[in-house]
Amino acid sequence: MTVSLYADYIADLRVLFLELDRSPDLFQSIDVHLELAAGGSLVVYETKRRKGQTDSLYYGRPTAGDANRQISQATAFSAIDRFFALGQFIALTGEATQTLDTQYPHCAVNFSYRKKGHPAARSMLMVFVGFNDEADALHYIAAIDDPSVFVSERPYRTAKAYEWK
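Residues numbered from 1 in each chain as written. Predicted model: local features only at pLDDT ≥ 70, side-chain atom pairs only at ≥ 80, totals over all residues. Heavy atoms only, no water.

Caption draft 1: Just the overall build of the protein, in detail. In terms of regular secondary structure, the protein is built from three helices and seven strands. Since a compact globule built from 165 residues should have a radius of gyration of about 15 Å, the 16 Å found for the protein is in line with a globular shape. Counting the 165 residues in the protein, one finds 40% classified as buried. Pairs at least 24 apart in sequence give 64% of the contacts found in the protein among residues at least 6 apart. (Helix = DSSP H or I, 4+ residues; strand = E, 2+ residues; numbered from the N terminus. Rg over C-alpha atoms; globule rule 2.2 N^0.38 Å. Buried < 20%, exposed > 50% of the residue type's maximum accessible area, 1.4 Å probe, protein only. Contact = heavy atoms within 4.5 Å.)

Caption draft 2: How the structure looks around the pattern of salt bridges. Taken as a whole, this structure holds seven salt bridges when the rule is applied. In this structure, Arg14 engages Asp81 in a salt bridge whose closest nitrogen and oxygen atoms are separated by 2.8 Å. Linking Arg14 in helix α1 (residues 7-22) with Asp81 in helix α2 (residues 73-84), this pair joins segments that are 67 residues apart in sequence. With a shortest N-O distance of 3.9 Å, Arg50 and Asp31 are connected by a salt bridge. With a gap of 19 residues between them, Arg50 in strand β2 (residues 41-50) and Asp31 in strand β1 (residues 27-38) connect regions that are remote in the sequence. By relative accessible area, Asp31 is classed as partly exposed at 25%. (Salt bridge = Lys/Arg side-chain N within 4 Å of Asp/Glu carboxyl O.)

Caption draft 3: A look at the packing of aromatic side chains. All chains considered together, the criterion is met by 17 aromatic pairs. Ring plane angle 70° and centroid distance 5.3 Å describe the contact between Phe83 and Phe89, whose orientation is recorded as edge-to-face. Residue classification places Phe89 among the buried positions, given a relative accessible area of 1%. An aromatic cluster of at least three residues, connected via ring pairs, comprises Phe17, Tyr45, Tyr58, Phe77, Phe83, Phe84 and Phe89. Positioned over the ring face of Phe77 is Arg22, at 4.4 Å from the centre of the ring. The side chain of Arg154 reaches across the aromatic face of Tyr6, ending 4.2 Å from its centre. (Phe/Tyr/Trp six-rings, centres within 6.5 Å; stacked < 30°, edge-to-face > 60°. Lys NZ or Arg CZ within 6 Å of the ring centre and 35° of its normal.)

Caption draft 4: Region of the structure containing helix α3 (residues 134-142). Listed in full, the buried residues belonging to α3 are Ala137, Tyr140 and Ile141. With its buried residues spanning 100° around the axis, α3 presents them on a single face. Along α3, the residues that are exposed and aim more than 90 degrees away from the buried face are Ala135, His139 and Ala142. The secondary structure elements touched by the buried residues of α3 are β5 (88-92) and β7 (122-131). The N-capping residue of α3, defined by a side-chain oxygen 3.2 Å from the backbone nitrogen of Ala135, is Asp133. (Arc of directions from axis to C-beta. Polar contact = N/O pair within 3.5 Å; in protein donor to acceptor, adjacent residues only side chain to side chain.)

Caption draft 5: A look at the side chain of Ser123. In this structure, Ser123 sits in strand β7. Given a relative accessible area of 15%, Ser123 falls into the buried group. Those residues within four positions of Ser123 in sequence are excluded, and the remaining contacts are Phe111, Ser112, Tyr162, Glu163, Trp164 and Lys165.

Caption draft 6: Molecular detail of the nonpolar core. One finds Tyr6, Tyr45, Val109, Phe111, Met126 and Phe128 to be the most contacted residues of the largest nonpolar core, which totals 34 residues. Of all the elements in the fold, those that place two or more residues in this core are α1, β1, β2, α2, β5, β6 (106-115) and β7. Setting aside chain neighbours within four positions, we find Tyr6 in contact with Gln88, Phe89, Ile90, Ala91, Met126, Phe128, Val151, Arg154, Tyr156 and Glu163. Val3, Val129, Ile144 and Phe150 belong to the second largest nonpolar core, which has 12 residues in total. (Core = buried A, V, L, I, M, F, W, Y, C linked by side-chain atoms within 4.5 Å.)

See below:
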């Protein structure tokens, strides 16, 4: 089974994320929740915009045993942007039968938006695992007993995970 790679998809998502962070007024509505787990820490970037009102929450947890702490928007953005800058990505199907290897960062992305002047909203819900390059991704895939946990056909759409719709 061939696993789909997502470097191109994440590159586009990174541009959209930058636009959202720097110019939220370009969006009619936004509902974004990004959770990045890397090296035992957690960073969450969450923002919602409805009817001209924007509510945001940014928090992190330095290690698994620590409590969540509020962090700045810049800190949350920077952590997630660094993840999006990695060289290669795979996506999970939502049918995980084993625990993710915490050596590799992974990010849950729930992103819905409608830009001003655009007729329709777009949304996606995916979990990505990031790697330095394609060789790292292929090594990770080979070490997993059940390859059905990875997306193998694009565009991917199920009730638990889906690319842009």
